[in-house]
Amino acid sequence: MQLNIEEIKEIIPHRQPFLLIDAVEEMEPGKSCVARKCVTYNEPFFAGHFPEKAVMPGVLILEALAQTGAVAVLSLDEYKGKIAFFGGMDKVKFRRQVVPGDVLRLETELIKRKGPIGIAKGVAYVGDQIAAEAELTVIIK
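Owing to the predicted nature of the structure, the values given are computational and were not obtained by experimental measurement.

Procedures and definitions
Residues numbered from 1 in each chain as written. Predicted model: local features only at pLDDT ≥ 70, side-chain atom pairs only at ≥ 80, totals over all residues. Heavy atoms only, no water. Salt bridge = Lys/Arg side-chain N within 4 Å of Asp/Glu carboxyl O. Helix = DSSP H or I, 4+ residues; strand = E, 2+ residues; numbered from the N terminus. 1 Å grid on protein atoms, 1.4 Å probe; cavity = no way out; pocket = protein on both sides within 12 Å on 5 of 7 lines; lining within 4 Å. Points joined across faces, edges and corners; volume = space filled by probe spheres on them. Nonpolar A, V, L, I, M, F, W, Y, C, P; charged D, E, K, R; others polar. Disulfide = S-S within 2.5 Å. Buried < 20%, exposed > 50% of the residue type's maximum accessible area, 1.4 Å probe, protein only. Phe/Tyr/Trp six-rings, centres within 6.5 Å; stacked < 30°, edge-to-face > 60°.

Novice: I'd like to hear about the pattern of salt bridges, residue by residue, with values.
Specialist: The final tally for this structure, using the stated rule, is 13 salt bridges. Between Arg105 and Glu25 there is a salt bridge, with its nearest N and O atoms 2.7 Å apart. Highlighted residues: Arg105 in strand 4 (residues 103-114) and Glu25 in strand 1 (residues 23-28), separated in sequence by 80 residues. With its nearest N and O atoms 3.9 Å apart, the salt bridge here joins Lys31 to Glu28. Salt bridges here are not isolated pairs; linked through shared partners, they connect Glu25, Glu26, Arg36, Arg105 and Glu107.

Novice: Requested: an account of empty space enclosed by the protein, with residues and values cited.
Specialist: All told, the structure shown has two cavities of 30 Å³ or more when counted by the stated rule. The space that makes up the largest cavity amounts to roughly 130 Å³. Together, 17 residues line the largest cavity, and Gly69, Ala70, Val73, Leu110 and Ala120 are the ones closest to its centre. By residue number, the principal contributor to the lining of the largest cavity is helix 2 (residues 58-74), which donates six residues. Tallied by class, the residues present in the lining of the largest cavity amount to eleven nonpolar, four polar and two charged. Estimates place the volume of the second largest cavity at around 30 Å³. Counting only elements with at least two residues in the lining of the second largest cavity, the list comes to strand 4, strand 5 (117-126) and strand 6 (129-140). Of the residues contributing to the lining of the second largest cavity, the split by class is seven nonpolar, two polar and one charged.

Novice: Talk me through the state of the cysteines; I want residue IDs and the actual numbers.
Specialist: Note: disulfide means a covalent bond formed between the sulfur atoms of two cysteine side chains. Scanning the entire structure with this criterion turns up zero disulfides. Between Cys33, a free cysteine, and Cys38, which holds the nearest cysteine sulfur, the sulfur-to-sulfur gap is 15 Å. Using a relative accessible area of 2% as the deciding quantity, one classes Cys33 as buried.

Novice: Account for the packing of aromatic side chains, naming residues and giving values.
Specialist: On inspection of all chains with the given rule, the structure shows two aromatic pairs. Arranged with centres 6.4 Å apart and planes meeting at 10°, the rings of Tyr41 and Phe46 form a pair that is stacked. Phe46 sits in the buried class, given a relative accessible area of 3%. Feature note: the residues Tyr41, Phe45 and Phe46 constitute an aromatic cluster, connected by ring pairs.

Given below as structure tokens:
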């Protein structure tokens, strides 16, 4: 299943400048999602991070992964209209800088779920290189 930006906005509550995914390339509701973020020099965070060398903040890469996972979970009928909040992060690793012109491929897979709490494994790629990876705990409210 593929989703454009308008369809993504129907599932998650994020909006500009904090909506950090541009399209969903694949999704299995409640299980996994693959999204894309085209990183441009016009991103508002580049004005201060860093003026001499634009680098996407690692926490925003994690947020993009969380939004990708949220699309998969919140597309389930039982969670429509809800919000997925961070409950924690584990096994976080940053392996490559993300700079203007990069295209992030964001892959998430739900590895554990108990009621409104879930854990997803997320990996962000630029090309075939891993930029970041983490286990993300989310709480649906």
